[in-house]
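Summary of structural features
Chain residues, written in single-letter form:
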Amino acid sequence: MKKIILATALAAAPAVYAQNPALYECIYQYDVNGKTEKGDISDTFNCMLQIGEENSKFLDYAAFQLDSVSAIKGISDDVIKEYEERDMNAVPYFDRRMFNSSADNKLTTISPMAPFTYKYEEKTPLIEWELTDETQTVCGYECKKAQGEYGGRLWTAWYAEEIPVPFGPWKLTGLPGLVMQAYDNDNIHRFVAVSFREGSGDVSPDKIPNLVKINHKDFEERKAVYDNNPMESINPSDIESISVRKGDTNNILVNGTLIRNSEKGSIPLEVVEIKEKDSKSVNGEKSKDDIIVVRTDSKIK
């Protein structure tokens, strides 16, 4: 069994790479299957995990492609515009950029929710994984099985000890090898590695202007309401501009932030329970401000 040694790979990396070179890249197919109040959902996302020596970045594959092209010196504006269009038109789209630093045990998440783009930081989730000796092959690598609870779900993960990094898709980290496959107990969310290869480029936090800082709990609260109906969730007083980009699809931007509208809503990765406050509003109806999150913890009740 060959074992990938990170220190050796890093030493051999060309000097042209920045302080945080991507040593490896893992492409995941992310499937979501379940029900919302609006109907059945069956979506397939393509996501990328960039892996450095002490950090990782997880994002939509179209976003990764745009980042990669934009970083090429001398690339033409027309090419960048082409990849911008691909990114805007990608459906479905994993709309979070997640930067995980094992050096300082910090996870940073950036996500657009028009009219703003939000950022929150948290300690990297410490999942109490139960390791087993059960094995299966995923993407050509022998993997071992582990189970642990996070975000109100029980997760099964298959990790490859041949790839000795503690990273994985989304927040599924902390195992003695790269997570190659993971799914929750209800089989609503499923990640599976379809390609693992040498990396290129840089794994660094995204430098996006005018980010609105928020905490984890408030982010999940806003996200649950926003994904259900993005336009209805926008406070009119926050709108400074609305524009439409015509193309294969008509993209609506509010304050320059793209609205990605899912016809049937979404099913959160973290279990979010919401309830209405016992308060009256105009005409006896509840407003969006009356909806609160009552749980986004890591334990199953």
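**Section: the overall build of the chain**
A tally of helices and strands in the chain yields five helices and 17 strands. Within the chain, the fraction of its 301 residues that count as buried is 44%. Expressed as a percentage of contacts within the chain between residues at least 6 apart in sequence, the contacts between residues at least 24 apart total 58%. Accessible surface computed for the chain: about 16100 Å², of which carbon and sulfur atoms make up 47%.

**Here we look at the sheet that holds strand β14 (residues 251-254)**
Strand order in this open sheet of three strands is β13-β14-β15, and the pairing throughout is antiparallel. In this open sheet, the two edge strands, each paired with only one partner strand, are β13 (242-245) and β15 (257-258). Relative to β15, β14 runs antiparallel, the two sharing two bridges. Its bridge partner lying in β15, Leu253 is registered against Leu258. Contacts between helix α3 (residues 77-89) and the sheet are confined to β13, β14 and β15, with β14 contributing the most and set at about 90 degrees to the helix.

**Comments concerning the packing of aromatic side chains**
For the coordinates displayed, the defined rule picks out 13 aromatic pairs. Ring centres 5.7 Å apart and planes at 35 degrees place the aromatic pair Tyr61 and Phe64 in the tilted group. With Tyr61 and Phe64 both in helix α2 (residues 61-70) and three residues apart, this pair spans about one turn of that helix. With a relative accessible area of 22%, Tyr61 lands in the partly exposed category.

**Details of the nonpolar core**
Looking at soluble globular proteins, one finds that nonpolar side chains tend to be buried together. Of all hydrophobic cores here, the largest spans 44 residues; its most connected members are Phe58, Phe94, Trp170, Leu178, Met180 and Phe191. Of all the secondary-structure elements, those providing two or more residues to this core are β1 (24-36), β2 (39-51), β8 (141-150), β9 (153-160), β10 (178-184) and β11 (189-198). Discounting chain neighbours no more than four positions away, the residues touching Trp170 are Phe58, Phe94, Arg96, Met98, Tyr150, Trp155, Phe191, Leu269 and Glu270. Core analysis: the second largest hydrophobic core is formed by 10 residues, Met113, Tyr118, Ile214 and Val254 among them.

**Here we look at unusual backbone geometry**
Cis geometry marks the peptide bond from Val91 to Pro92; its omega dihedral reads -10 degrees. Counting through the fold element by element, Pro92 comes out in the loop between α3 and β4 (97-101). Here the residue pair Ala114 and Pro115 is connected by a cis peptide bond, since its omega of 15 degrees sits within 30 degrees of zero. Relative to the helices and strands, Pro115 is located in the loop between β5 (106-113) and β6 (116-123). Although it is not a glycine, Asn187 adopts a positive phi angle of roughly 55 degrees. Its place among the elements puts Asn187 in the loop between β10 and β11. According to the relative accessible area criterion, Asn187 is partly exposed, its value standing at 37%. The phi torsion at Asn210 lies on the positive side, around 60 degrees, for a residue other than glycine.

**What to know about α2**
Quick reminder: α-helices carry 3.6 residues per turn. Residues three or four places apart thus point the same way. Of the positions making up α2, those classed as buried are Ala62, Ala63, Phe64, Leu66 and Val69. Between the side-chain oxygen of the N-cap and the backbone nitrogen of Ala62 there are 2.9 Å, and the N-cap of α2 in question is Asp60.

**A word on the pairing of β2**
Bridge count between β1 and β2: 13 bridges; the pairing is antiparallel. Across the sheet, residue Glu25 finds its bridge partner in β2, namely Gln50. Taking the residues between adjacent antiparallel strands as the criterion, β1 and β2 are bridged by two residues. Of the strand pairs in this sheet, β2 and strand β3 (residues 55-60) are connected by five bridges, and their pairing is antiparallel. Considered in β3, the bridge of Met48 is made with Leu59. Linkage of β2 to β3, two consecutive antiparallel strands, is achieved through a turn of three residues.

**Here we look at the pairing of strand β7 (residues 130-138)**
Across six bridges, β7 lies against β8 in antiparallel orientation. Along β8, the bridge assignment pairs Thr135 with Lys144. Connecting β7 to the antiparallel partner β8 that follows it, the hairpin turn spans two residues, and Cys139 within it adopts a positive phi of roughly 55 degrees.

**Re α3**
For α3, spanning 13 residues, the distance from its first C-alpha to its last is 18 Å, which sits close to the expected 18 Å at 1.5 Å a residue. For α3, the complete set of buried residues consists of Ile80, Tyr83, Asp87 and Met88. With its buried residues spanning 140 degrees around the axis, α3 presents them on a single face. Away from its buried face by more than 90 degrees, α3 exposes Asp78 and Lys81.

Rules of the game
- Residues numbered from 1 in each chain as written.
- Predicted model: local features only at pLDDT ≥ 70, side-chain atom pairs only at ≥ 80, totals over all residues.
- Heavy atoms only, no water.
- Helix = DSSP H or I, 4+ residues; strand = E, 2+ residues; numbered from the N terminus.
- Buried < 20%, exposed > 50% of the residue type's maximum accessible area, 1.4 Å probe, protein only.
- Contact = heavy atoms within 4.5 Å.
- Areas by Shrake-Rupley, 256 points an atom, 1.4 Å probe, with all protein chains shown as cover.
- Pairing = 2+ DSSP bridges.
- Axes fitted to C-alpha atoms, helices over the stretch in contact; angles between N-to-C directions.
- Phe/Tyr/Trp six-rings, centres within 6.5 Å; stacked < 30°, edge-to-face > 60°.
- Core = buried A, V, L, I, M, F, W, Y, C linked by side-chain atoms within 4.5 Å.
- Polar contact = N/O pair within 3.5 Å; in protein donor to acceptor, adjacent residues only side chain to side chain.
- Expected span 1.5 Å × (residues − 1).
- Arc of directions from axis to C-beta.

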